[in-house]
Amino acid sequence: MAQLPKFLIADDPVTDPENEYIFHTEKPRFFAKRVEEDEETAYIDIIHEIDNVEEFYKNSPEKKQELLEQLEDWYYSYMEWLEDDGEEEEDEE
């Protein structure tokens, strides 16, 4: 079986079109999403755990923070890619 990417985008345009989720495929597995507190404040947060994240990182909480930072970097790279891809499609027309 092929190795899954570390992060995957998951969405449900039928019943939850406003949200986009990030699935962490490696242990500890979880779903996260971008949470907007207001127009200026947003962050990535774990919203559903498949594996107990706190227990997994109980001896090294800094590694949990490092993983969330990687996830955030990945997500914002993905968002940039979406913007760039949209611009390329407009150029082709």
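Structure shown above.
### Brief notes about a negative patch on the surface
Next up, step 1: On the surface, Glu 62, Glu 66, Glu 69, Glu 72 and Asp 73 cluster together to form a negatively charged patch.
Next up, step 2: Considering the arrangement of structural elements, one finds Glu 66 in helix H2 (residues 61-92).
Next up, step 3: We classify Glu 66 as partly exposed; its relative accessible area is 45%.

### Quick notes on the sheet that holds strand E4 (residues 42-49)
Next up, step 1: Taken together, the four strands give an open sheet; going across it, the order is E1-E2-E3-E4, and neighbouring strands pair in antiparallel fashion. Bordering the open sheet on either side are strand E1 (7-12) and E4, each of which pairs with just one other strand. Looking at each pair of strands side by side, their axes are set apart by 35° on average, direction ignored.
Next up, step 2: Across seven bridges, the pairing between strand E3 (residues 30-36) and E4 is antiparallel. By the bridge assignment, Phe 30 is partnered in E4 with Glu 49.

### Looking at the packing of aromatic side chains
One pair of aromatic rings is described through two measures. These are the centre distance and the angle between the planes.
Next up, step 1: What the rule picks out here adds up to seven aromatic pairs.
Next up, step 2: Ring geometry for Phe 56 against Tyr 57: centres 5.0 Å apart, planes inclined by 80°, an arrangement best described as edge-to-face.
Next up, step 3: The partly exposed category is assigned to Phe 56, whose relative accessible area is 45%.
Next up, step 4: Taken together, a centroid distance of 6.1 Å and an interplanar angle of 45° make the contact between Tyr 75 and Tyr 78 tilted. One end of the pair is Tyr 75 and the other is Tyr 78, both in helix H2 and three residues apart, which spans about a single turn. This pair shows no difference in class: Tyr 75 is buried, exactly as Tyr 78 is.

The rules behind the values
Residues numbered from 1 in each chain as written. Predicted model: local features only at pLDDT ≥ 70, side-chain atom pairs only at ≥ 80, totals over all residues. Heavy atoms only, no water. Patch = residues over 30% accessible without salt bridge, like charges linked within 9 Å, V, L, I, M, F, W, Y side chains within 5 Å. Areas by Shrake-Rupley, 256 points an atom, 1.4 Å probe, with all protein chains shown as cover. Salt bridge = Lys/Arg side-chain N within 4 Å of Asp/Glu carboxyl O. Lys, Arg positive; Asp, Glu negative; His and termini not counted. Charge placed at Lys NZ, Arg CZ, Asp CG, Glu CD. Helix = DSSP H or I, 4+ residues; strand = E, 2+ residues; numbered from the N terminus. Buried < 20%, exposed > 50% of the residue type's maximum accessible area, 1.4 Å probe, protein only. Pairing = 2+ DSSP bridges. Axes fitted to C-alpha atoms, helices over the stretch in contact; angles between N-to-C directions. Phe/Tyr/Trp six-rings, centres within 6.5 Å; stacked < 30°, edge-to-face > 60°.

Geometry only, nothing functional implied.
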